[in-house]
Amino acid sequence: MKRVLIFITAVIAASLMWGCFKDVVDYTIYNTAIYEQTSSDGDFLPATDVETYAYWVDTTEWRIASWEDAVAHRITNKITGEQKDTPDAFGTFNASESYQSSIRLNHSAMIIMVCPQAKVYAYRKYELPENLEHVLTKLYIATWRPSHSTAGWRIVNPFYAPPTADNDQE
């Protein structure tokens, strides 16, 4: 009788706790609000055209070799020289949204954002956490600056031209 009572108690406790356990989320929807600044004293304005894609690779082993590669979705292994040009995921862009760029990540990844109009690209490493369904983040791109890092992103400005004395006087 005591065993039956313990069994029934265990079944009741298990059924009560059933709703406490949720499914494990093994992906993240990575949403980014992207802002561009074209001059050192200018405002950061929402980006109007950005392409986002990702590879399930580590940025310590892979790189974007050039602007042309960024636009062509091509990455290069830093040691072997192997190249990949088919991303594992593509994002969507909607200029009317607060967080214009959205990409679903199913693995830790190298995320790449390309701004064709500004001729700037950015990339970062992202470690996929467990049970984090959505990420809301911001990326500030200063197109007037040379390549730089900010908030985990490496912003690459391959066409940066430093100001000259003639430009400063205008």
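Residues numbered from 1 in each chain as written. Predicted model: local features only at pLDDT ≥ 70, side-chain atom pairs only at ≥ 80, totals over all residues. Heavy atoms only, no water.

Draft legend 1. Just the overall build of the protein, in detail. Helix and strand counts for the protein come out as three helices and 14 strands. In the protein, which comprises 170 residues, the proportion classed as buried is 34%. Contacts in the protein between residues far apart in sequence, at least 24 positions, make up 63% of those at least 6 positions apart. (Helix = DSSP H or I, 4+ residues; strand = E, 2+ residues; numbered from the N terminus. Buried < 20%, exposed > 50% of the residue type's maximum accessible area, 1.4 Å probe, protein only. Contact = heavy atoms within 4.5 Å.)

Draft legend 2. Representation of the layout of surface pockets. Space inside the largest pocket adds up to approximately 180 Å³. In this structure, the largest pocket is lined by E36, Q37, T38, G42, D43, L45, P46, A47, T48, Q117, A118 and T143. Mapped onto the lining of the largest pocket, the elements with two or more residues apiece are β1 (28-37) and β2 (45-46). For the lining of the largest pocket, the per-class residue count stands at four nonpolar, six polar and two charged. (1 Å grid on protein atoms, 1.4 Å probe; cavity = no way out; pocket = protein on both sides within 12 Å on 5 of 7 lines; lining within 4 Å. Points joined across faces, edges and corners; volume = space filled by probe spheres on them. Nonpolar A, V, L, I, M, F, W, Y, C, P; charged D, E, K, R; others polar.)

Draft legend 3. Geometry of the sheet that holds strand β6 (residues 83-84). Taking strand neighbours across the sheet as the criterion, the three strands line up as β4-β5-β6 in an open arrangement whose pairing is antiparallel. Edge positions in the sheet fall to β4 (62-63) and β6, since each of these pairs with one other strand and no more. Pairing of strand β5 (residues 75-77) with β6 involves two bridges; the strand directions are antiparallel. Bridge pairing links I75 to K84 in β6. (Pairing = 2+ DSSP bridges.)

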